[in-house]
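Structural overview
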Amino acid sequence: MTATTAASPKGRRRDGPTRLGRGKSRQRAAGPLFVAPFMVLFLLLFLAPLGYAAYLSLFQERLIGGTAFVGLDNYAQALSDPQFLHGIGRVALFFVIQVPVMLLLALVFALALDSGLLRLARVIRLGIFVPYAVPSVVAALMWGYLYGPDFGPFAQLSRDLGLPVPDFLGDGWMLGSLANIVTWEFVGYNMIILYAALRTIPEELYEAAAVDGAGAWRTAWSIKLPALRPALMLTLLFSVIGSFQLFNEPKLLMTIAPDVISSSYTANLYAYTLAFTGQQVNYAATVSFLLGLVIVIASYAVLLTANRRRTP
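These numbers were taken from a predicted model, which means no experiment stands behind them.

This paragraph deals with the overall build of the protein. Looking only at helices and strands, one finds 13 helices and 2 strands in the protein. Taken over 312 residues, the protein has a buried fraction of 34%. Pairs at least 24 apart in sequence give 66% of the contacts found in the protein among residues at least 6 apart. Total accessible area computed for the protein in this model is approximately 19,500 Å², and 67% of it derives from carbon and sulfur atoms.

Have a look at this one:
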């Protein structure tokens with residue numbers, strides 16, 4: 001009995017580390033297993049197409065000789081292509097005009113909803129967010145009808161009042177009309193992000209501000225806005241990417257305003273036209289890569305500017 005009793009703790013001591021080792025090995029194996037589906041999809045749906053596009057951009061289809069390796073000649077051609085450069089400049093101007101207005105409206109709506117002073121706040125929040133649920137194709141078609149100079153309600157109302165018909169689809173108004181569509185679509189999306197960030201602010205900060213005698217405006221300026229900086233940066237980065245990838249809205253409005261919106265109105269639309277209309281797959285891959293590089297540079301510039309402003 002003594003020998004058995006004495007041997008039992010030793011057996012437990014020997015078995016304990018073994019079980020712990022097995023548990024740790026299972027935990028180590030569980031991490032890669034959970035990440036594996038994402039990595040497979042990331043490889044197949046992102047890296048592989050990206051690598052294939054990079055491969056295509058180094059070749060060129062020729063009438064004599066077929067496909068030939070040209071190295072970086074396609075990139076040199078794109079950098080001097082006025083259609084591509086004008087498309088980049090146009091979406092950059094679109095970004096400067098549209099994004100500040102959209103984010104300012106989203107910020108105002110988020111602060112108003114968070115203040116608790118609005119009646120039917122849930123209904124208002126849903127109403128602001130609903131346009132984001134509308135597909136961009138449907139939104140562009142709807143606003144194209146509203147902008148129509150012959151059949152649109154704005155044109156009909158102007159005629160009834162004896163006023164000149166606004167040329168929303170003209171050359172001077174088109175960029176603003178596109179900005180209005182995109183703003184209508186994405187104000188609610190950005191508002192939800194900012195509103196969710198506001199709801200994470202600890203109540204202790206508001207209580208401390210109330211004790212110090214801070215009013216609603218002072219609380220919003222000193223507590224809410226500083227807390228919203230990460231969320232604002234996130235929405236700004238999303239806006240950079242979305243602005244330079246502008247495609248659906250000009251593509252659909254091109255059918256009713258072909259004299260204003262050309263096939264190279266935006267860089268993304270230009271790449272699409274090259275690939276699926278002009279059958280210039282290699283050059284389209286080059287334009288797409290350069291557009292991605294522009295987006296990376298613009299995003300990095302935004303981050304760098306924001307970090308410099310934070311640094312005292």
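Moving on: the packing of helix 4 (residues 121-133) against helix 7 (residues 174-199). Where helix 4 meets helix 7, the closest approach of the two axes is 6 Å, and the angle between their N-to-C directions is 125°. Here helix 7 runs oblique to helix 4, going by the angle between their axes. By crossing handedness, the relation of helix 4 to helix 7 is classed as left-handed. Contacts between helix 4 and helix 7 involve Arg125, Ile128, Phe129, Pro131 and Tyr132 on the former and, on the latter, Trp184, Glu185, Phe186, Val187, Gly188, Tyr189, Met191, Ile192 and Tyr195. Here the contact of helix 4 with helix 7 is composed, by residue class, of 11 nonpolar, 1 polar and 2 charged.

Charged atoms that come close allow side chains of opposite charge to pair. In this structure the tally under the stated criterion is 2 salt bridges. A salt bridge links Asp114 to Arg199; the shortest N-O distance between them is 3.1 Å. Pair noted here: Asp114 is in helix 3 (residues 82-115) and Arg199 is in helix 7, with a separation of 85 residues, a long-range link. What makes Asp114 buried here is its relative accessible area of 12%. Of the residues examined, Arg199 reaches a relative accessible area of 52% and is grouped as exposed. Among the ionic contacts, a cluster of salt bridges with common partners joins Asp114, Arg199 and Lys224.

Taken as a whole, the second largest pocket holds about 410 Å³ of empty space. Val182, Phe186, Phe238, Gly242 and Ser243 are the residues nearest the centre of the second largest pocket, which is lined by 23 residues in total. Of the residues belonging to the lining of the second largest pocket, the class tally is 13 nonpolar, 8 polar and 2 charged.

So, about the environment of Thr286. Take Thr286: it is sitting in helix 13 (residues 281-310). A C-alpha to C-alpha distance of 6.4 Å links Thr286 and Asn74, two positions 212 residues apart in sequence. Excluding anything up to four places from it in sequence, Thr286 contacts Ser57, Asn74, Tyr75 and Ala78.

The next subject is the packing of helix 8 (residues 203-211) against helix 9 (residues 216-227). Any two packed helices are characterised by how steeply their axes cross, that is the angle between the axes, and by the distance between the axes. Contact geometry of helix 8 with helix 9 gives a least axis separation of 11 Å together with a crossing angle of 145°. Regarding helix 8 and helix 9, the two cross each other, and that crossing is right-handed. For the pair formed by helix 8 and helix 9, the contact residues are Leu205, Tyr206 and Ala209 on the first element and Thr219, Ile223 and Lys224 on the second. Residue composition of the contact of helix 8 with helix 9, grouped by class: 4 nonpolar, 1 polar and 1 charged.

What follows deals with the side chain of Thr273. Assignment of secondary structure puts Thr273 in helix 12 (residues 267-276). Separated by 3.2 Å, the side chain of Thr273 and the backbone oxygen of Ser263 make a polar contact. Not counting the four nearest positions on each side in its chain, Thr273 is found in contact with Ser263 and Gly278.

It is worth spelling out the packing of aromatic side chains at this point. Aromatic ring pairs are reported here in terms of the distance separating the ring centres and the angle at which the planes meet. Going through the model one piece at a time under the given rule, you end up with 18 aromatic pairs. Relative to Trp184, the ring of Trp143 has its centre 6.1 Å away and its plane inclined at 70°; by these criteria the two rings are edge-to-face. Taken as a pair, Trp143 in helix 5 (residues 136-147) and Trp184 in helix 7 lie far apart in primary sequence, 41 residues in all. With 5.1 Å between their ring centres and 65° between their planes, Phe247 and Tyr272 make a pair best called edge-to-face. Of the two residues, Phe247 is situated in the loop between helix 10 (229-244) and helix 11 (248-253) and Tyr272 in helix 12; the sequence distance between them amounts to 25 residues. Among the aromatic residues, those joined into a ring-pair cluster are Trp143, Tyr147, Phe154, Phe168, Trp173 and Trp184. Taking NZ or CZ as reference, Arg90 lies 4.5 Å from the ring centre of Tyr265, over its face.

On average, residues of the protein score 85 in pLDDT, and 90% of them are at 70 or above. Across residues 1-12, where pLDDT falls below 50, the model places 0 contacts with residues more than four positions away in sequence or in other chains.

The rules we used
Residues numbered from 1 in each chain as written. Predicted model: local features only at pLDDT ≥ 70, side-chain atom pairs only at ≥ 80, totals over all residues. Heavy atoms only, no water. Helix = DSSP H or I, 4+ residues; strand = E, 2+ residues; numbered from the N terminus. Buried < 20%, exposed > 50% of the residue type's maximum accessible area, 1.4 Å probe, protein only. Contact = heavy atoms within 4.5 Å. Areas by Shrake-Rupley, 256 points an atom, 1.4 Å probe, with all protein chains shown as cover. Axes fitted to C-alpha atoms, helices over the stretch in contact; angles between N-to-C directions. Parallel < 35°, antiparallel > 145°, perpendicular 65-115°, else oblique. Left-handed = near helix turned anticlockwise from the far one by under 90°. Nonpolar A, V, L, I, M, F, W, Y, C, P; charged D, E, K, R; others polar. Salt bridge = Lys/Arg side-chain N within 4 Å of Asp/Glu carboxyl O. 1 Å grid on protein atoms, 1.4 Å probe; cavity = no way out; pocket = protein on both sides within 12 Å on 5 of 7 lines; lining within 4 Å. Points joined across faces, edges and corners; volume = space filled by probe spheres on them. Polar contact = N/O pair within 3.5 Å; in protein donor to acceptor, adjacent residues only side chain to side chain. Phe/Tyr/Trp six-rings, centres within 6.5 Å; stacked < 30°, edge-to-face > 60°. Lys NZ or Arg CZ within 6 Å of the ring centre and 35° of its normal. pLDDT = per-residue confidence, 0-100.

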